[in-house]
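Structural overview for review
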Amino acid sequence: MLLLCNYYLTYRCNADCEFCHFGYSTELNKTGFAIESEVNNNLSQLRELGVEIIDITGG
Ligand code: SF4
């Protein structure tokens, strides 16, 4: 059973928290942003898979 999906809208972040690698990673900060049509498609697929909780995060 699939319960949880951590869905990242982007890997970019302009903060610099000590415990996290997202903020200072120049490679991650070059990545793009989620595209609305793809997000909608992904969310539909997650629903079909039976995912009950979606944690939308990133940025
Ligand atoms: S992703 Fe969250 S925890 Fe990581 S650097 Fe950014 S604000 Fe801090």
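Read on for an overview of the structure. Since we're looking at a predicted model, the values are computed, not measured.

Rules of the game
Residues numbered from 1 in each chain as written. Predicted model: local features only at pLDDT ≥ 70, side-chain atom pairs only at ≥ 80, totals over all residues. Heavy atoms only, no water. Helix = DSSP H or I, 4+ residues; strand = E, 2+ residues; numbered from the N terminus. Buried < 20%, exposed > 50% of the residue type's maximum accessible area, 1.4 Å probe, protein only. Contact = heavy atoms within 4.5 Å. Near = heavy atom within 4 Å. Nonpolar A, V, L, I, M, F, W, Y, C, P; charged D, E, K, R; others polar. Patch = residues over 30% accessible without salt bridge, like charges linked within 9 Å, V, L, I, M, F, W, Y side chains within 5 Å. Areas by Shrake-Rupley, 256 points an atom, 1.4 Å probe, with all protein chains shown as cover. Salt bridge = Lys/Arg side-chain N within 4 Å of Asp/Glu carboxyl O. Pairing = 2+ DSSP bridges. Right-handed = clockwise from strand over helix to strand, strands pointing away.

On the secondary structure map, E52 appears in the loop between α1 (36-49) and β2 (53-57). Residue E52 is classed as exposed on the basis of its relative accessible area, which comes to 53%. As a C-alpha pair, E52 and A34 span 18 residues in sequence and 21 Å in three-dimensional space. Excluding residues within four positions of it along the chain, E52 makes contact with M1, L2 and L3.

Attention now moves to the site of the ligand. Taken together, C13, A15, C17, F19, C20, F22 and G23 make up the full set of residues adjacent to the ligand. A class-by-class count of the residues in the shell around the ligand yields 6 nonpolar, 1 polar and no charged.

What follows deals with a nonpolar patch on the surface. Judged by side-chain polarity, L3, L4 and I53 come together as a nonpolar surface patch covering roughly 280 Å² of accessible area. Mapped onto the elements, L3 comes out in the segment before β1 (4-8). The partly exposed category is assigned to L3, whose relative accessible area is 43%.

A word on the pairing of β2. Where β1 lies against β2, 5 bridges are found, and the strand directions are parallel. Considered in β2, the bridge of Y8 is made with T57. In this region the chain leaves β1, passes through α1 and returns to the parallel neighbour β2; the handedness of that crossover is right-handed.

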